[in-house]
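As a plain string of letters, each chain reads:
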Amino acid sequence: MVRVKTAVETETQTRSETQLARPWNVIVHDDPVTLMTYVTKVLMQVFGYAESKARTLMMEVHKTGRSIVWTGGREQAEIYAQKLQAHHLLTTLEIVDA
Amino acid sequence: MWVARVDEGWLFGDLSPRTAEILKGVPMLLESEDPRVRACLLPETLHDAGHEADWRAHAVPELERLFASRSTLVGRDLAAMRPMKGGGKMLLLITNQHASAWLAALNASRLALYCLNGLVAAHMEMDSEEPATPQQQQAIDSIHLMAEMQSVLLGDAPMESCGPMADLDV
């Protein structure tokens, strides 16, 4: 049996595919507890960043309250967010604005 | 409290009974079911409700398993904590193999204590003048103690190994 997609299903699928195709930001937020050296170490460990880059991102978190630490495909972004949360860094994901 | 680097890991000595009790609470905080702790350790990650539901269904259970496993590793070192020779102070070895688990577990515990005790950012500042209840002050002291231990494990002040633990008369 051939099932014809409804307009809603088509729109949902298109939106979902568009969201998959668009890049996602992995964002680390500041918290008043976590040590700055710990944040740097975790960023180095999770992303393989050099210490200077990790420290720059950490300082951005500290001074502005958040930093986009990585941008890319949704699947990889989710993997990174999970790893950061595994180390208890306050992490969120957002789709990059078109 | 003193710290020595030994071949097997980091040795924390002269731990008071109160400090030992605080550290024994780390695994419990890591696996706490308290909604304030869960919100702190497993925060909302995505704005979209559907995406967040997917995240809760797939990513969060893995994180919970990881926290439980980490709790077990930390618990093993705590179970081996023993009194020092000639006194009531305690000795804790954080093994090299468990150092990463301890680092994350201490961070989780600090966050959990912060959330559970209604602390604010001003409480975390050095020489804070933010009013605190006795219970909050205990939590603040615990948070600072755990920060000191994290700092040691992070190598903020590199330490040379004293050799095998058995060589120390403790």
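The rules we used
Residues numbered from 1 in each chain as written. Chains lettered and ligands numbered in written order. Predicted model: local features only at pLDDT ≥ 70, side-chain atom pairs only at ≥ 80, totals over all residues. Helix = DSSP H or I, 4+ residues; strand = E, 2+ residues; numbered from the N terminus. Buried ≥ 20, exposed ≤ 12 C-beta atoms within 10 Å, placed from the backbone. Contact = placed C-beta atoms within 7 Å. Pairing = 2+ DSSP bridges. Axes fitted to C-alpha atoms, helices over the stretch in contact; angles between N-to-C directions. Parallel < 35°, antiparallel > 145°, perpendicular 65-115°, else oblique. Nonpolar A, V, L, I, M, F, W, Y, C, P; charged D, E, K, R; others polar. Expected span 1.5 Å × (residues − 1). Core = buried A, V, L, I, M, F, W, Y, C linked by C-beta atoms within 7 Å. Left-handed = near helix turned anticlockwise from the far one by under 90°.

The subject of this paragraph is the overall build of chain B. Broken down by element type, chain B carries 6 helices and 4 strands. If you list the helices and strands of chain B from N to C, you get β-β-α-α-α-α-β-β-α-α. Looking at chain B as a whole, 29% of its 170 residues qualify as buried. Within chain B, contacts between residues separated by at least 24 positions form 70% of all contacts whose residues are at least 6 apart in sequence.

A separate point is the sheet that holds strand β1 (residues 24-29) of chain A. Sheet strands pair via backbone hydrogen bonds, and the direction of the pair is either parallel or antiparallel. All names here are of chain A. A sheet is described by the order of its strands in space; here 3 strands give the open sequence β2-β1-β3, paired in antiparallel fashion. In the strand order of this sheet, the two ends are held by β2 (66-72) and β3 (91-95), each with one partner. For this sheet, the mean angle separating the axes of adjacent strands, direction not counted, is 25 degrees. Pairing geometry for β1 and β3, over 5 bridges, is antiparallel. By the bridge assignment for β3, Val28 is matched with Thr91. In the packing of helix α3 (residues 51-64) onto the sheet, the strands contacted are β1 and β2, and the crossing angle to β2 comes to about 135 degrees.

Before going further, it helps to examine the packing of helix α4 (residues 49-79) of chain B against helix α5 (residues 99-116) of chain B. All names here are of chain B. For the pair α4 and α5, interaxial distance at closest approach is 9 Å and the crossing angle is 110 degrees. What the angle tells us is that α4 and α5 run roughly perpendicular. In this structure, α4 contributes Arg70, Ser71, Leu73 and Val74 to the contact, and α5 contributes Ala101, Trp102, Ala104 and Ala105. Its residues assigned to classes, the contact of α4 with α5 shows 6 nonpolar, 1 polar and 1 charged.

In this model helix α2 (residues 36-47) of chain A runs 17 Å from its N-terminal to its C-terminal C-alpha over 12 residues, within 8% of the 16 Å that 1.5 Å per residue would give. Taken residue by residue, α2 of chain A has Tyr38, Val39, Thr40, Lys41, Val42, Leu43 and Val46 of chain A as its buried positions. Contacts from the buried residues of α2 of chain A go to α3, β2 and α4 (74-86) of chain A together with α5 and α6 (134-153) of chain B. Once α2 of chain A ends, the next one or two residues include Gly48 of chain A, with phi positive near 75 degrees.

We now examine the interface of chain B and chain A. Interface size, as often reported, equals the accessible area lost upon joining of the parts. Every contact between the two is made by 24 residues of chain B and, on the other side, 20 residues of chain A. Secondary-structure elements contributing two or more residues to the side of chain B that touches chain A are α4, α5 and α6 of chain B. Ranked by the residues each element gives to the side of chain B that touches chain A, the list is headed by α5 of chain B, at 7 residues. Its residues assigned to classes, the side of chain B that touches chain A comprises 16 nonpolar, 5 polar and 3 charged.

Moving on: the environment of Leu43 of chain A. Residue and element names in this part refer to chain A. Examined against the element boundaries, Leu43 turns out to sit in helix α2. Among the residues examined, Leu43 registers 26 C-beta atoms within 10 Å and is labelled buried. Sequence separation between Leu43 and Lys53 is 10 residues, and the spatial gap between their C-alpha atoms is 8.9 Å. Filtering out sequence-adjacent residues up to four positions away, Leu43 remains in contact with Tyr49, Ala54, Leu57, Met58 and Val69.

With that settled, the discussion passes to the environment of Pro27 of chain B. Residue and element names in this part refer to chain B. Its location among the elements puts Pro27 in helix α2 (residues 26-30). In the structure, Pro27 is positioned 95 residues away from Ala122 in sequence and 27 Å away in space, judged by C-alpha atoms. Excluding its chain neighbours within four sequence positions, the residues that come into contact with Pro27 are Ser71, Val74 and Gly75.

Nonpolar side chains tend toward joint burial in soluble globular proteins. Counting 56 residues, the largest nonpolar core has Leu43 of chain A together with Trp102, Ala105, Ala108, Leu111 and Ala112 of chain B as the members making the most contacts within it. For this core, the element with the highest residue contribution is α5 of chain B, accounting for 12 residues. Setting aside anything within four residues of it in sequence, one finds Trp102 of chain B in contact with Val74, Ile94 and Leu153 of chain B.

For the rest of this paragraph, the subject is α6 of chain B. Taking 1.5 Å per residue as the helical rise, α6 of chain B with its 20 residues ought to reach 28 Å, and the 29 Å between its terminal C-alpha atoms agrees with that figure. Contacts from the buried residues of α6 of chain B go to α2 of chain A together with β2 (9-15), α1 (17-24), β4 (90-95) and α5 of chain B. Phi turns positive one or two residues past the end of α6 of chain B, at Gly155 of chain B, with a value near 75 degrees.

Take the packing of α2 of chain A against α3 of chain A next. Residues and elements named next belong to chain A. Relative orientation of the contacting elements α2 and α3 amounts to 130 degrees, with a least axis distance of 8 Å. By the angle between their axes, α2 is oblique relative to α3. You can see that α2 and α3 cross each other, and the crossing is right-handed. Side by side, α2 and α3 meet where Met36, Val39, Thr40, Leu43 and Met44 of the first sit next to Glu51, Ala54, Arg55, Leu57, Met58, Val61 and His62 of the second. For the contact of α2 with α3, the per-class residue count stands at 8 nonpolar, 2 polar and 2 charged.

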